[in-house]
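Examining the three-dimensional arrangement
The residues making up each chain are set out below.
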Amino acid sequence: MKQLTYAQAVDGYLLDARAQRLSADTIRNYTLTYRRFGEWLGEELLLSDITPAQISAFLASLAQPQTPAGGVAVRPPKGLSKKTTLNYHGALGALWSWAVREGYAAVNVVQSVSRPRPEKRTVTPFSESDVKAILAACDRTRSYTRPGKRICDNERRTALRDRAVILLLVDTGMRSGELAGLRARDLDMKNRRLTVFGKGSKERVLPFSPTTGKAIWHYLQTERGEHGPRDPLFVTVDGEPLNREALLQLVNRLGERAGVTDCHPHRFRHTFAVTFLRNGGNVYELQAMLGHTTLEMVKQYLSLAQTDVEAAHRRASPVENWRLR
């Protein structure tokens, strides 16, 4: 068996991952994991010398707050969540699976390390008034005053883009990475649908409403400027692709202006899912639109939607309101 150092194995696997056309987000996240684990090891080791105990200790260290070198931080970064730690476990597992398959390792040592159990987070959709407030925040800047002048605000340069983005998120439930990866060629305005590539590079087609289509059309005709079919659908004011980080920053700032707390892109996905079920949508149709491989997450949305129905029945039941006996 040929011996590889850890760094050589990482280089080899990342080349293989690109050849398999894993998504850019996956490769970026894997690269971060491998770099962080290499830094944690502190020395160059043969892949065969790395033990399950070292991997377990590394994963455990991720939960601890990290203080930057050179002094004590005022607010040291929090440790990573169990969900993120699970992603690190998966990335390391993928590396060793490749090494075993290619004959560079005898066993996948990561399989001996317990998988972290992610926290079950509460699903909290936006209310109708929340979404309307966020859309209103797309149009104008925050109010400001100048000496001797009245309070005023201005039109925002990216108002049309931002309105189209928000409507598309709440209308389709797509992930932030999926929206960031959209190209002009993925848009079918005639049939009002988008082709998106989700986790595992799985393709699916999502319909959108006439209102959302109108917002996208106005953005493309007014703010977007010249673009080809391979160009990103949404871009920044500098013409750069609207990536996940820029999208997160955009949604956070719109939430601040709108007075909506905990405003992040994935919450629009929750909102779409729960509202779809509240309005009589089918769980299997929802699963297909969200791109989930199982019904596990869809069942959480169904449970929340069902709770709403039961509460509405208690409020509106003729038997209870008319005090029938």
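Data block above holds the structure.
This write-up is about the structure you can find in this document.

What counts, and at which threshold
Residues numbered from 1 in each chain as written. Predicted model: local features only at pLDDT ≥ 70, side-chain atom pairs only at ≥ 80, totals over all residues. Heavy atoms only, no water. Salt bridge = Lys/Arg side-chain N within 4 Å of Asp/Glu carboxyl O. Helix = DSSP H or I, 4+ residues; strand = E, 2+ residues; numbered from the N terminus. Buried < 20%, exposed > 50% of the residue type's maximum accessible area, 1.4 Å probe, protein only. Contact = heavy atoms within 4.5 Å. Axes fitted to C-alpha atoms, helices over the stretch in contact; angles between N-to-C directions. Parallel < 35°, antiparallel > 145°, perpendicular 65-115°, else oblique. Left-handed = near helix turned anticlockwise from the far one by under 90°. Core = buried A, V, L, I, M, F, W, Y, C linked by side-chain atoms within 4.5 Å.

Enumeration over the complete set of coordinates arrives at 8 salt bridges. With its nearest N and O atoms 3.8 Å apart, the salt bridge here joins Asp16 to Arg101. You can see Asp16 sitting in helix α1 (residues 6–19) and its partner Arg101 sitting in helix α4 (residues 82–101), a full 85 residues away along the chain. With a closest N to O distance of 2.8 Å, Arg161 and Asp162 form a salt bridge.

Tracing the sequence through the fold places Ile134 in helix α5 (residues 128–139). By relative accessible area, Ile134 is classed as buried at 0%. As a C-alpha pair, Ile134 and Cys263 span 129 residues in sequence and 9.2 Å in three-dimensional space. With near-sequence residues (within four places) excluded, Ile134 lies in contact with Phe126, Ile166, Leu254, Ala258, Val260, Cys263 and Phe268.

Two elements in contact, helix α6 (residues 159–172) and helix α8 (residues 210–224), have axes separated by 8 Å at closest approach and are oriented at 150 degrees. Considering the angle they form, α6 stands roughly antiparallel to α8. The crossing of α6 and α8 is left-handed. Where α6 approaches α8, its residues Ala159, Leu160, Arg161, Ala164, Leu167, Leu168 and Asp171 are matched on the opposing element by Thr211, Thr212, Ala215, Ile216, His218, Tyr219, Thr222 and Glu223.

Looking now at the nonpolar core. Counting 48 residues, the largest nonpolar core has Leu168, Met174, Leu179, Leu182, Leu194, Phe234 and Leu286 as its most contacted members. Of all elements in the fold, only α5, α6, β2 (193–197), α8, α9 (244–258), α10 (265–278), α11 (283–290) and α12 (296–316) reach the threshold of two or more residues within this core. Each residue touching Leu194, except ones within four places of it in the same chain, is listed here: Leu168, Met174, Leu182, Asp186, Leu187, Arg204, Val205, Leu206, Phe208 and Leu233. Membership of the second largest hydrophobic core comes to 31 residues, among which are Leu4, Ile27, Trp96 and Ala105.

Everything listed is a geometric property; what it means functionally is a separate question.
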